[in-house]
Amino acid sequence: MDFTAIILVVTFFALLLINVPISICIGLATLLALLMHMDFTPAATTIAQQLAGGLDSFALLAIPFFILSGLIMGQGGIAKRLIECAMALIGFLPGGLALVNVLSCMLFGAISGSAVAATSAIGSFMVPEMKKHGYSENFAAAVTATASTTGMLIPPSNILIIYAIASGGVSIAALFIAGYLPGILVGLALMTVCAVYSIKNKYPVTARLPLNIVIEKVLAAFPSLLLIFIVIGGIIGGVFTATEAGAIAVIYALILSVIVYKEISLAALPGILLKACETTAIVMLIIGASSAMSWLLSFTHIPQIVSDFFLTLSDNPIIILLLINLILILVGAFIDMTPAVLIFTPIFLPVAEQFGMSPIQFGIMIVLNLSIGLVSPPVGSVLFVSCAVAKTSLHKIIKPMIPLYIVMFLVLMLVTYVPAVSEFLPRLFGLIE
């Protein structure tokens, strides 16, 4: 390995610390490390080939479709209807508004596939509403940030598609189904903290709505929720692939937002398409650069070296898996989910498999780990969006975040050490043996 790994890590973090875009950090670090093994011209050519080859995947076509459908839904009045539905169902419980915040983020995150979109769309309404009823804006921001990450686990999820490619072809349908139970468990754990916190601080409880109003709000949100059943049902039933499901999601979102809800005008569509192109370009450049780095890691046998190192530390799977989790949480605090999944999956998946963990279980584990990273300083993007929405600062929301971090970590431990948490539903639907 020589100094390849040292050059790779030092260059990457040095560039990251001076705010160089993540894709450039990955590309330059890979190039400098590869120069240890070949001249500049073949090194640059190899990186270009790997970057292009990393994007040559039919499954990746699902990502721009889901990005576009998420943007359409974010502006299509769907968030408002989901919030009203959640309010009607659980708003009367202790800590009702906080519970509504969590449930709304779960539903919108699952539909849009974006934690940032969920934080912005749900938080812009729920945070002011919680503040108006006496909740601390710091607590409201903390709840919104953590709850929005459940959309990374509850499908359709772009990051699960990326993991399927990074792992060498794990079934996307199996991953999608595997994410439901862990995602719901995270949501329930966050709701428990919200209820206890609200009772302790004696926050007001809203009145229970009449049954006819509850039915009306649920029916109003039903067309939005139907998208989940169409996409996931079609994939599981073998009616269409994940990529085709993304295209169907776009068509359905357009019909819902433009024709049914009439929240988006035809004149607004070019702007939405442009934003989808910008986001897709950023994501794809990160994927391409990360693919080049993954190739370098394989070329220099770093995954095997790391695997051998872990095996020399201990033969106890509890200790090794805990150590992997701690490393991934630390990684997630500094690196965005997409490059982290592409870079660290080929490094840690072989280690996890040697200790009896399936690729499905590991996929859910790494995504949950990095979801915690999304709401962890110093880089957590969702954390900063939530602070902006609540008009508060990062250091003020850390204290209310602590119990939320704790319950997310407890669910992570369940996912890590209890295979059934992530494998029960895929087995039930016959997606894994």
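Residues numbered from 1 in each chain as written. Predicted model: local features only at pLDDT ≥ 70, side-chain atom pairs only at ≥ 80, totals over all residues. Heavy atoms only, no water.

- The protein chain appears in an unreviewed UniProt entry as TRAP transporter large permease protein from Pseudoalteromonas fuliginea.
- The UniProt entry for the protein chain carries the following text under Sequence similarities (unreviewed entry): "Belongs to the TRAP transporter large permease family." (UniProt positions renumbered as here; feature names shortened; annotations may be inferred.)

### Focus: the nonpolar core
- With 161 residues, the main nonpolar core has Ile324, Phe344 and Phe362 as its most contacted residues.
- Those residues within four positions of phenylalanine 362 in sequence are excluded, and the remaining contacts are Tyr163, Thr345, Phe348, Leu349, Ala352 and Met357. (Core = buried A, V, L, I, M, F, W, Y, C linked by side-chain atoms within 4.5 Å. Buried < 20%, exposed > 50% of the residue type's maximum accessible area, 1.4 Å probe, protein only. Contact = heavy atoms within 4.5 Å.)

### Brief notes about the pattern of salt bridges
- For the structure on display, the rule yields 5 salt bridges.
- In this structure, the salt-bridge partner of glutamate 84 is lysine 217, at a minimum N-O distance of 3.7 Å. In this pair, glutamate 84 sits in helix α5 (residues 78–90) while lysine 217 sits in helix α12 (residues 211–236), placing the two residues 133 residues apart along the sequence.
- For lysine 217, a relative accessible area of 23% puts it in the partly exposed group.
- Residues lysine 132 and glutamate 129 are paired through a salt bridge, measuring 3.5 Å at the closest nitrogen-oxygen approach. With lysine 132 and glutamate 129 both in helix α7 (residues 115–132) and 3 residues apart, the pair spans about one turn of that helix. (Salt bridge = Lys/Arg side-chain N within 4 Å of Asp/Glu carboxyl O. Helix = DSSP H or I, 4+ residues; strand = E, 2+ residues; numbered from the N terminus.)

### Concerning the packing of helix α11 (residues 180–200) against helix α20 (residues 394–417)
- Contact geometry for α11 and α20: axes closest at 9 Å, N-to-C directions at 150°. Between α11 and α20, the angle falls in the class roughly antiparallel. Our pair here, α11 against α20, has a crossing hand that is right-handed. Along the contact surface, α11 presents Pro182, Leu185, Val186, Ala189, Leu190 and Val193, while α20 presents Pro403, Leu404, Val407, Met408, Val411 and Val415.
- When its residues are assigned to classes, the contact of α11 with α20 shows 12 nonpolar, no polar and no charged. (Axes fitted to C-alpha atoms, helices over the stretch in contact; angles between N-to-C directions. Parallel < 35°, antiparallel > 145°, perpendicular 65-115°, else oblique. Left-handed = near helix turned anticlockwise from the far one by under 90°. Nonpolar A, V, L, I, M, F, W, Y, C, P; charged D, E, K, R; others polar.)

### Description of helix α19 (residues 381–390)
- Along α19, the positions that sit buried rather than exposed are Val382, Leu383, Ser386, Cys387 and Ala390. Each buried residue of α19 sits inside an arc of 140° when the element is viewed along its axis, so together they form one side.
- Contact partners of the buried residues in α19: α7, α8 (137–148), α18 (359–374) and α20.
- Within two residues after α19, lysine 391 carries a phi angle of roughly 55°, on the positive side. (Arc of directions from axis to C-beta.)

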